[in-house]
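Residue-level listing of the chains:
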Amino acid sequence: MERKNHIDENVVKRLSRIEGQIRGIKEMGVNGASCTDILMQISAVQSALKQVSKIVMMDHLEHCVVEGIQDGDIDQTLKDMSQVVERFSKMK
């Protein structure tokens, strides 16, 4: 069963900041910035995305998994959690 997230304003602000960073990287490329500078900014975006991913993962554990177990949907909840962990663990 798909459950709604509890993403708060903090996550939305972080995602907006990341969006702006990506636009900035695009502009850097268009304006001929050095590869080193562009790569540094890409690294910063990757780090920021990892942090957002951790926040969303914790939200999933604290709300979606708990609700699934409380609703008695244990097997599906564990299956969904397993898929989330597998995907999340592939992130580098």
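Scroll up to find the structure.
Calculation criteria
- Each chain has its residues counted from 1, following the order in which its sequence is written.
- Reporting of local features is limited, given that this is a predicted model, to residues whose pLDDT is at least 70; pairs of side-chain atoms are given and counted only at 80 or more, and all residues count toward the totals for whole chains, interfaces and linings.
- To get the side-chain values, take all heavy atoms of the structure and skip hydrogens and water.
- Elements are defined by DSSP. Helices are runs of H or I of four residues or more, strands are runs of E of two residues or more, and each kind is numbered from the N terminus.
- Residue count minus one, scaled by 1.5 Å, sets the expected span of a helix.
- To get the bend at a given residue, fit one axis to the seven residues ending there, fit another to the seven starting there, and take the angle between those axes.
- Think of it in three bands: residues with accessible area under 20% of the maximum for their type are buried, residues over 50% are exposed, and the middle band is partly exposed, with areas taken using a 1.4 Å probe on protein chains only.
- Whether two residues touch is decided by their heavy atoms; if any such pair falls within 4.5 Å, the residues are in contact.

A. Structural view of helix α2 (residues 35–70). Here α2 contains 36 residues, and its C-alpha end-to-end distance of 51 Å stays within 8% of the 52 Å for a straight helix at 1.5 Å per residue. For α2, the principal kink sits at His60 and spans about 35°. All of the buried residues along α2 are Ile38, Val45, Val52, Ser53, Met57, Asp59, His60, Cys64, Val65 and Gly68. Buried residues along α2 sit in contact with α1 (9–30) and α3 (74–89). Looking one or two places after α2, you find Gly72, whose phi comes out positive at around 80°.

B. How the structure looks around the environment of Val85. Positionally, Val85 belongs in helix α3. You can call Val85 partly exposed: its relative accessible area is 41%. Spatially, the C-alpha atom of Val85 lies 8.7 Å from that of Met57, the residues being 28 residues apart in sequence.

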